[in-house]
Structure formats: C-alpha cells, structure tokens
Amino acid sequence: MDVLLLPLSRENVRAVCELRLAEDQRHLVAPAAYTVAEGNYEPGAILRAIYRDDTPVGVLLVEIENGIPHLVRFMVDADHQGRKIGSRAVELLVDELRAGGWTTLETSVVPVEGGAEGFWRRCGFHGTDRTHYGEPVFVRPL
C-alpha cells in the first residue's frame, strides 16, 4: 500500500470534498469540504490530499501560527481508517516540513473519551500546558 500526500487540484478536489467521517467522529473534525475551502484562503497554508494508491482517502491542513506549523485539520475517510494510513500520512507531513526547514509541528485535540489523543501520542506528539481554542496542544519535534 502506497500512501502519498498530493496537492489539491481540479482533478481531485471533488473526491476530497466528498470524504466522510464515521458518525461518532463528526463532532470532532470539520467536514473535508470546509478544510479545502479554508486551506485556499489561508496564506502559507499546506493543504494536501492523503492518497492510498490512486485514491484520495483523506485531507490535511497546516497553517503557520505564531511562526510554528500547526496541523489544524486532519482526517481519513471512515472507510479507510484502521489501516495505518493516518500514521503514514503524518510521517510524510513530518518529512515535508523538515525538508522545508521547520523544527516543530503542533496540533490540538478535542478532549473527549475515545478521541484522537492516543493516535497523536503514537505518532510521536506529546502534550503541552497550552490550549488552542480550548483544545489541548500537542507538539512533535521534527
């Protein structure tokens, strides 16, 4: 299985916007279409489609906040979760940011039982004493 991060394009934008989360995750992450829209209006944003082989299966958005890349949005379609696609996509993002000279990546997590905190910890992030819009901030050195 090949996992790739590719720019959004005319050819893949509709498929990315149609990606869906599981019903019990919808209150945790904005829809993919919102991510695509926001990413196109945020200066310096990194907006990528997550591909599994030739199929878009996720989307991510990094914004530069306070001089630090912040992973604002990250989602893998419900039908493609549990296959290590997300963790591989995080590693690809880390490689891309490191190649761009960045040394840290941050994200924030909705603090709910069964949420994504365990995923981010398995991806090498650790908690901080800061919050972002009321959500705990996690950081990973690159």
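The preceding data block contains the structure.
These figures come from a predicted structure and were not determined experimentally.

Definitions and cut-offs
Residues numbered from 1 in each chain as written. Predicted model: local features only at pLDDT ≥ 70, side-chain atom pairs only at ≥ 80, totals over all residues. Heavy atoms only, no water. Pairing = 2+ DSSP bridges. Helix = DSSP H or I, 4+ residues; strand = E, 2+ residues; numbered from the N terminus. Axes fitted to C-alpha atoms, helices over the stretch in contact; angles between N-to-C directions. Contact = heavy atoms within 4.5 Å. 1 Å grid on protein atoms, 1.4 Å probe; cavity = no way out; pocket = protein on both sides within 12 Å on 5 of 7 lines; lining within 4 Å. Points joined across faces, edges and corners; volume = space filled by probe spheres on them. Nonpolar A, V, L, I, M, F, W, Y, C, P; charged D, E, K, R; others polar.

Engineer: Any chance you could explain the sheet that holds strand 1 (residues 3-7) here in plain terms?
Structural biologist: The strands making up a sheet associate through backbone hydrogen bonding, with each pair oriented either parallel or antiparallel. If you trace the seven strands from one edge of the open sheet to the other, you get 1-2-3-4-5-7-6, paired in mixed fashion. Edge strands, defined here as strands with exactly one partner in the open sheet, are strand 1 and strand 6 (126-132). Neighbour-to-neighbour, the strand axes of the sheet open up by a mean angle of 35 degrees, direction not taken into account. Both strand 1 and strand 2 (residues 46-52) contribute to a ladder of five bridges, which runs antiparallel. Looking at the pairing, Leu-6 lines up with Ala-49 of strand 2. Strands in contact with helix 2 (residues 32-39) are strand 2, strand 3 (55-65) and strand 4 (68-76); relative to strand 3, the strand with the most contacts, it is inclined by about 45 degrees. Against the sheet, helix 3 (residues 85-99) makes contact with strand 1, strand 2, strand 3, strand 4, strand 5 (104-108) and strand 7 (135-141), and its axis sits at roughly 55 degrees relative to strand 1, the strand it touches most.

Engineer: Whenever I open this one, the layout of surface pockets confuses me. Can you help?
Structural biologist: One water molecule sets the probe size; rolling that probe over the atoms shows where empty space is left. In this model, the largest pocket occupies a volume close to 960 Å³. In terms of lining, the largest pocket is formed by 36 residues, of which the most central are Val-29, Phe-74, Ala-116, Phe-119 and Trp-120. Listed by contribution, the elements that provide at least two residues to the lining of the largest pocket are strand 4, helix 3, strand 5 and helix 4 (117-122). Looking at the lining of the largest pocket, the element that brings in the most residues is strand 4, giving seven residues. Residues that form the lining of the largest pocket fall into these classes: 17 nonpolar, twelve polar and seven charged.

From the geometry alone we can't say anything about function, so treat these as descriptive.
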